[in-house]
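Here's the letter readout for the chains.
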Amino acid sequence: FLNGYRSQKLYTINATVNDEQFRIPAKLRLKKEDDGNINVKIHPIQRLHIPDEYMGHKFTKDEKAALLNDKNLGKTIELTGKDSKKDNYYLAIDNKTNELIPLRTKHITIPEKIKGVALSAEQKQKLAKGEKVYLDKMTGRNGQKFGASLQVDAANRTINFSGFKQEKEKDLEQ
C-alpha cells in the first residue's frame, strides 16, 4: 500500500470514538497531500450499500443487482473524478471492506496472453469493456490445464479468475 493503493489485507486499527477505545479491522492507504505531507487513510469494513448515485452516475436496478450479486459492475461507465473530469471507469466492491472501488480504464492493460493462451481481438475487447470472458486450455502453476471466467476486478486492480474447471486429459486430446 506504499504506492497509494489500498492494502490487500486488513490491519487492526486502534480508534477512539466518543472517548471509547475500539479495535477495528481496516485496509490502509498512503496518500500524498498537496502540501507534500503523506497521510494514512483508513478504509474500515462497512455495511454493504449501493447508493442511487455515485460520482455523477445514477445506477439502474440491473447495475445495482450486478454489484450486489457479483461484486463487479460487469461493464465500464463514465464517472466524474475528484478533478471534475469525466472518464471511463471499472467499478467493483471490495470483498473485505464493502467499499465501492472505481478504477479508470486506462490503469488496466489487457495482455495478449493469459496463462499461455492467446486472447482473440474479441476477447480482449470484451475484457476491456469490463465483461466476463471464458478462457480454456490455460496452464496452471502445477502444469494442469484449466478453464475459467476472466473479468477486470477494479477492487484489486487486476484480472480476476472465477468458475474454474479442471480439464481432463481426454478432453485435451480431442
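Scroll up a little and you will see the structure.
Described in the following lines is the structure provided in the data block.

What counts as what
Residues numbered from 1 in each chain as written. Predicted model: local features only at pLDDT ≥ 70, side-chain atom pairs only at ≥ 80, totals over all residues. Heavy atoms only, no water. Helix = DSSP H or I, 4+ residues; strand = E, 2+ residues; numbered from the N terminus. Buried < 20%, exposed > 50% of the residue type's maximum accessible area, 1.4 Å probe, protein only. Areas by Shrake-Rupley, 256 points an atom, 1.4 Å probe, with all protein chains shown as cover. Lys, Arg positive; Asp, Glu negative; His and termini not counted. Charge placed at Lys NZ, Arg CZ, Asp CG, Glu CD. Phe/Tyr/Trp six-rings, centres within 6.5 Å; stacked < 30°, edge-to-face > 60°. Lys NZ or Arg CZ within 6 Å of the ring centre and 35° of its normal. Core = buried A, V, L, I, M, F, W, Y, C linked by side-chain atoms within 4.5 Å. Contact = heavy atoms within 4.5 Å. Pairing = 2+ DSSP bridges. Salt bridge = Lys/Arg side-chain N within 4 Å of Asp/Glu carboxyl O. Polar contact = N/O pair within 3.5 Å; in protein donor to acceptor, adjacent residues only side chain to side chain. Axes fitted to C-alpha atoms, helices over the stretch in contact; angles between N-to-C directions.

1. What about the overall build of the protein?
A tally of regular secondary structure across the protein gives three helices and 13 strands. Projected onto its principal axes, the C-alpha positions of the protein cover 70 × 35 × 35 Å. Buried residues in the protein amount to 32% of all 174 residues. Carbon together with sulfur atoms contributes 46% to the accessible area of the protein, which is approximately 11,600 Å² in total. Charged side chains in the protein number 33 positive and 24 negative. The centres of these two groups are separated by 2 Å.

2. Structural notes on the packing of aromatic side chains
All told, the structure shown has three aromatic pairs when counted by the stated rule. Measuring from centroid to centroid gives 5.6 Å for Phe-146 and Phe-164, while their planes differ by 40°, and the two rings are tilted. Of this pair, Phe-146 sits in strand 12 (residues 145-153) while Phe-164 sits in strand 13 (residues 158-166), and the two are 18 residues apart along the sequence. Using a relative accessible area of 54% as the deciding quantity, one classes Phe-164 as exposed. Here Phe-161 and Phe-164 contribute two aromatic rings whose centre-to-centre distance is 6.3 Å and whose plane-to-plane angle is 5°, an arrangement assigned as stacked. By relative accessible area, which is 23% here, Phe-161 ends up partly exposed. One residue, Arg-157, lies across the ring of Tyr-5, its end atom 3.7 Å from the ring centre.

3. Details of the nonpolar core
Of all hydrophobic cores here, the largest spans 20 residues; its most connected members are Ile-110, Ile-114, Leu-127, Leu-135, Met-138 and Leu-150. Tallying contributions element by element places strand 12 first for this core, with four residues. Once residues within four sequence positions are removed from consideration, Met-138 is found in contact with Ile-114, Lys-115, Val-117, Gln-144, Lys-145, Phe-146, Gly-147, Ala-148, Leu-150 and Phe-161. In this structure, Ile-50, Tyr-54, Leu-67 and Ile-77 belong to the second largest nonpolar core, which totals eleven residues.

4. Describing the pairing of strand 3 (residues 38-44)
Bridge count between strand 2 (residues 20-32) and strand 3: seven bridges; the pairing is antiparallel. By the bridge assignment, Lys-27 is partnered in strand 3 with His-43. Hairpin remark: strand 2 followed by strand 3, antiparallel, with five residues in the connecting loop; positive phi at Gly-36, about 95°.

5. Considering the side chain of Asp-153
Tracing the backbone shows Asp-153 in strand 12. Despite its burial, Asp-153 pairs with no opposite charge, the nearest such side chain being Lys-27 at 8.7 Å. Among the polar contacts made by the side chain of Asp-153, one reaches the main-chain amide nitrogen of Ala-155 at a distance of 3.1 Å. When near neighbours in sequence (up to four residues on either side) are disregarded, Asp-153 contacts Asn-72, Ala-92, Thr-158 and Asn-160.

6. Brief notes about the sheet that holds strand 3
One open sheet holds the three strands; their spatial order is 1-2-3, and the pairing between them is antiparallel. The outermost strands of the open sheet, each flanked by one partner alone, are strand 1 (11-17) and strand 3. The average angle at which neighbouring strand axes cross in this sheet is 60°, direction not considered.

7. Here's the deal with the pairing of strand 7 (residues 86-93)
Two strands pair when backbone bridges link them, and strand 6 (residues 77-80) and strand 7 are joined in this way by four bridges, in the antiparallel orientation. The residue bridging Leu-79 from the neighbouring strand is Asp-87, located in strand 7. Counted between consecutive antiparallel strands, the loop separating strand 6 from strand 7 contains five residues, among which Ser-84 sits at a positive phi close to 70°. One ladder, built from five bridges, connects strand 7 with strand 8 (residues 100-104); its direction is antiparallel.

8. What to know about the pattern of salt bridges
Counted under the stated rule, the structure contains twelve salt bridges. Of the charged contacts in the structure, one is a salt bridge between Glu-33 and Lys-31, with a shortest N-O distance of 3.8 Å. Residue Glu-131 is joined to Lys-129 by a salt bridge in which the shortest nitrogen-to-oxygen separation is 3.8 Å. Look at the salt bridges and you will find they share partners, linking Lys-31, Glu-33 and Lys-41 into a network.

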